[in-house]
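Residue-level listing of the chains:
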Amino acid sequence: HKLISFVLIGLCAAMCALGVFVIMKNRTLQNFADWFIASYMILFSVLLFFYEATWWCTIGSVNKMIRRNFGFMYNVKGKALYMIFAACLCIGINSSLLGKMDWLRYLAGIGWGAMGVFLLVLSYTKPALFSNYYIPTRGLVESNDADETV
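Now for a look at the structure at hand. Quantities reported herein were computed from a predicted structural model and do not represent experimental measurements.

1. Quick word on helix 4 (residues 76-91)
The end-to-end C-alpha distance of helix 4, which contains 16 residues, comes to 23 Å, matching closely the 22 Å that a straight helix rising 1.5 Å per residue would cover. Buried within helix 4 are the following residues: Val76, Gly78, Lys79, Ala80, Tyr82, Met83, Ala86, Ala87, Leu89 and Cys90. Contacts made by the buried residues of helix 4 are with helix 1 (2-25), helix 2 (32-56) and helix 6 (102-125). For helix 4, the side-chain oxygen to backbone nitrogen distance between the N-cap and Lys77 is 2.8 Å, and the N-cap itself is Asn75.

2. Comments concerning helix 3 (residues 60-69)
Buried residues of helix 3: Gly60, Asn63 and Ile66, and no others. Along helix 3, the residues classed as buried sweep out an arc of 140° about the axis, all on the same side. Buried residues belonging to helix 3 abut helix 2.

3. Things to note about the environment of Tyr40
Topologically, Tyr40 is positioned in helix 2. Tyr40 sits 49 residues away from Leu89 along the chain, and the two C-alpha atoms are 8.2 Å apart.

4. Some thoughts on the pattern of salt bridges
Working definition: two side chains of opposite charge can pair if their charged atoms are close together. In the structure shown here, the tally under the stated rule is two salt bridges. In this structure, Lys79 and Glu52 form a salt bridge, with 2.9 Å as the shortest nitrogen-oxygen distance. In this pair, Lys79 sits in helix 4 while Glu52 sits in helix 2, placing the two residues 27 residues apart along the sequence. Taken individually, Lys79 and Glu52 each receive the classification buried, so the pair is uniform in this respect. Arg105 is the partner of Asp102 in a salt bridge, and the nearest nitrogen-oxygen pair spans 2.8 Å. On the criterion of helical spacing, the pair formed by Asp102 and Arg105 is a turn pair, its members being three residues apart in helix 6.

5. Things to note about the packing of helix 2 against helix 4
It is at 10 Å that the axes of helix 2 and helix 4 come closest, and there the two elements cross at 150°. Comparing the axis directions of helix 2 and helix 4 gives the class roughly antiparallel. Like other packed secondary-structure pairs, helix 2 and helix 4 cross with a definite hand, here left-handed. Between helix 2, through Ile37, Tyr40, Met41, Phe44, Leu47, Leu48, Tyr51 and Glu52, and helix 4, the contact on the second element is made entirely by Lys79, Tyr82, Met83, Phe85, Ala86, Leu89 and Cys90.

6. A few points about the environment of Phe50
Mapping Phe50 onto the fold places it in helix 2. Note on Phe50: relative accessible area 41%, which makes it partly exposed. Taking the C-alpha atoms as reference points, Phe50 and Val62, separated by 12 residues in sequence, lie 7.7 Å from one another. Look past the residues within four positions of Phe50 in its chain and what remains in contact with it is Val62 and Ile66.

Analysis parameters
- For every chain, the first residue of the written sequence is number 1, and numbering continues from 1 onward in sequence order.
- Local features in a predicted model are, by the rule used here, given only for residues with pLDDT of at least 70; side-chain atom pairs are given and counted only at 80 or more, and totals for whole chains, interfaces and linings are based on all residues.
- Side-chain descriptors were evaluated using all non-hydrogen atoms of the structure, hydrogens and water having been removed beforehand.
- Where helices and strands are cited, they refer to DSSP runs of H or I of at least four residues and of E of at least two residues respectively, numbered from the N terminus.
- Multiplying 1.5 Å by the helix residue count minus one yields the expected span of that helix.
- Note on classification: 1.4 Å probe, protein chains only; a residue is buried when its accessible area is under 20% of the maximum for its type, exposed when over 50%, partly exposed between these limits.
- Contacts between residues were defined by any pair of non-hydrogen atoms, one from each residue, lying within 4.5 Å.
- Polar contacts, as used here, are pairs of N or O atoms within 3.5 Å; protein pairs need one atom able to donate a hydrogen and one able to accept it. Residues neighboring in sequence count only if both atoms are side-chain atoms.
- Directions are taken from the helix axis to each C-beta atom, and the arc is the one they span.
- A carboxyl oxygen of Asp or Glu within 4 Å of a side-chain nitrogen of Lys or Arg is what we treat as a salt bridge.
- Working convention: axes come from line fits to C-alpha atoms, limited for helices to the stretch in contact. Angles between N-to-C directions cover 0 to 180 degrees.
- Throughout, the term roughly parallel applies to angles under 35 degrees, roughly antiparallel to angles over 145, roughly perpendicular to angles from 65 to 115, and oblique to all others.
- For any pair of crossing helices, the crossing counts as left-handed if the nearer helix is rotated counterclockwise from the farther one by less than a right angle, and right-handed if it is rotated clockwise.

Everything listed here is a matter of geometry and, on its own, says nothing about what the molecule does.
As C-alpha cells, this is what we get:
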C-alpha cells in the first residue's frame, strides 16, 4: 500500500504541474475551456494528494473534511473510478498550449488512468490485498478535532 501511495503522490504532482502550465500558457483566457479544465486538474490532484497524505500523517480536520465531502475516496473502487475520470481531463487538454511540455499531458493522463485501472483490477482479482485497508479515523472519532499530527 505504501508504494501505491507514493506513486499516487507523484502522479498528483504531475497533474498539478500540468494544470499550472496550462494556466500559465493561457493567461489571457484565450480558451476558457482549457483554463477551466486546468483548474479542475489542480483541484482534483490536490484533493487526492491530501487524501494520500492522511495515510502518512493524519490531520484530524483534513481527514474529517475529505471523509464528509469525498467519502468515495475511502473505497478502493471509488478512488480508482475517480482517477480514471480525472485522467480524461489531462488527455482533453489542447496539446498546442503545452509545446515542449506536451509529454506531461501524457504522463499525467496515462499515469492516472493506468493507476485507476490497476486499482480496479486489483480490487476485483486480489481483494485480499485490501482486506487490511483501514480508514484513518483521526478527526472522526475523537472529541478533540485539533490539527494534531499522529
